[in-house]
Amino acid sequence: MSQVALVTGAAQGLGLAIASRLFAAGYAVAITDLSLERAQAAADRLDPSGQRSLALKLDVDSKADFEAALAAVVERFGALHVAVNNAAMTMTTPVMQISPEEFDRVLSLNTRSVFVGCQVFGAHMAAAGYGRIVNMASLAGQNGGTATGAHYAASKGAIVTLTKIFAKELASGGVTVNAIAPGPIESPAVRAAVPPERMEGLLANIPVKRLGDADFLGDLVVQLARPEAYFTTGATWDVNGGLFMR
Ligand SMILES: NC(=O)c1ccc[n+]([C@@H]2O[C@H](COP(=O)([O-])OP(=O)(O)OC[C@H]3O[C@@H](n4cnc5c(N)ncnc54)[C@H](O)[C@@H]3O)[C@@H](O)[C@H]2O)c1
Ligand SMILES: CC(C)C1=CC=C(C(=O)O)[C@@H](O)[C@H]1O
């Protein structure tokens, strides 16, 4: 029986790249997203036979959706070994103009979702005595991000802290919890956020002068998901081309 992974926000972008690399590494993969249709389309492209994939609607704002997705994965594949809390949203508003409601919305979708994901998936994994959780943070959570992304940056910084807390809590259950903090990665989101005329300026600021590679993030998740990765937990893995160094 394959090891089993679940990725949130996996219909496109980094989540899809991570799900694809896990699938290529032999995992059975649950591709989850806000829209079941988009999750199913991604799963169909990845795994036309449908033998090692499962498309699910999982709105990360809903604890009930997390619980239902876990139940569906266990029913189909028997267990869940790896969970990637990847889904997030961005909003761009100058910091002094962000309303409390907008702040709450971004923190709920980006941070509370990771908190709930770690609780729901972590409890299942700890009961089984084994698991791997990877949370998607961001360079923005390390360096403060941009002037219009205060809530996004704060939401991602909090994920780094939650990752440490859950790593300590779940260690005795054989579960590791790590975060990845990417800088700008070649992805639809970055292409949408940075028009061609601004791309040169962005690249000029990156020490390695290139965007990051989404498949590399997927391969990093595969490494963190290995049983042999038991000794890295509570860590945040920077993948940012030198934009932030500890
Ligand atoms: N692209 C980058 O360069 C970059 C850099 C640093 C961090 N990140 C992080 O990586 C992750 C993925 O980013 P991306 O660039 O692929 O983003 P994206 O916007 O392309 O994809 C996000 C996915 O999440 C889904 N989603 C949105 N709201 C959801 C909800 N409520 N429930 C479930 N799914 C939902 C979307 O439908 C989409 O498929 C995010 O956590 C983001 O903050 C991305
Ligand atoms: C648009 C670009 C500068 C960028 C895209 C995505 C980010 C993220 O955290 O999601 C930022 O780190 C930022 O580099």
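Above: the structure in question.
As the structure is a computational prediction, the values presented were derived from the model and not from experiment.

1. Side note on the packing of helix H4 (residues 100–128) against helix H6 (residues 150–170)
For step 1, the next point in the chain: It is the contact of H4 with H6, at a shortest axis distance of 9 Å, that shows an interaxial angle of 15 degrees. With respect to each other, H4 and H6 are oriented roughly parallel. Between H4 and H6 the crossing geometry is right-handed. Contacts between H4 and H6 pair Glu 102, Phe 103, Val 106, Leu 107, Asn 110, Thr 111, Val 114, Phe 115, Cys 118, Gln 119, Gly 122 and Ala 126 from the former with His 151, Tyr 152, Ser 155, Ala 158, Ile 159, Leu 162, Phe 166 and Leu 170 from the latter.
For step 2, the next point in the chain: Of the residues in the contact of H4 with H6, the class split is 13 nonpolar, six polar and one charged.

2. Digging into empty space enclosed by the protein
For step 1, the next point in the chain: Enumeration according to the criterion identifies one cavity of 30 Å³ or more in this entry.
For step 2, the next point in the chain: Size it by volume and the largest cavity reaches roughly 40 Å³.
For step 3, the next point in the chain: Considering the residues around the largest cavity, the lining is formed by Thr 8, Val 60, Phe 66, Asn 85, Asn 86, Ala 87, Ser 113 and Val 114.
For step 4, the next point in the chain: Here the lining of the largest cavity is built from residues that sort into four nonpolar, four polar and no charged.

3. Topic: the site of ligand 2
For step 1, the next point in the chain: Taken together, Ser 138, Tyr 152, Pro 184, Val 190, Ala 193, Val 194 and Leu 202 make up the full set of residues adjacent to ligand 2.
For step 2, the next point in the chain: A distance of 2.3 Å separates an oxygen atom of ligand 2 from a polar atom in the side chain of Ser 138.
For step 3, the next point in the chain: A molecule is said to occupy a pocket when more than half its atoms come within 2 Å of that pocket's grid points, and by this definition ligand 2 occupies the largest pocket.
For step 4, the next point in the chain: Split by residue class, the shell around ligand 2 holds six nonpolar, one polar and no charged.

What counts as what
- Residues numbered from 1 in each chain as written.
- Chains lettered and ligands numbered in written order.
- Predicted model: local features only at pLDDT ≥ 70, side-chain atom pairs only at ≥ 80, totals over all residues.
- Heavy atoms only, no water.
- Axes fitted to C-alpha atoms, helices over the stretch in contact; angles between N-to-C directions.
- Helix = DSSP H or I, 4+ residues; strand = E, 2+ residues; numbered from the N terminus.
- Parallel < 35°, antiparallel > 145°, perpendicular 65-115°, else oblique.
- Left-handed = near helix turned anticlockwise from the far one by under 90°.
- Contact = heavy atoms within 4.5 Å.
- Nonpolar A, V, L, I, M, F, W, Y, C, P; charged D, E, K, R; others polar.
- 1 Å grid on protein atoms, 1.4 Å probe; cavity = no way out; pocket = protein on both sides within 12 Å on 5 of 7 lines; lining within 4 Å.
- Points joined across faces, edges and corners; volume = space filled by probe spheres on them.
- Near = heavy atom within 4 Å.
- Polar contact = N/O pair within 3.5 Å; in protein donor to acceptor, adjacent residues only side chain to side chain.
- Sits in = over half its atoms within 2 Å of the grid points.

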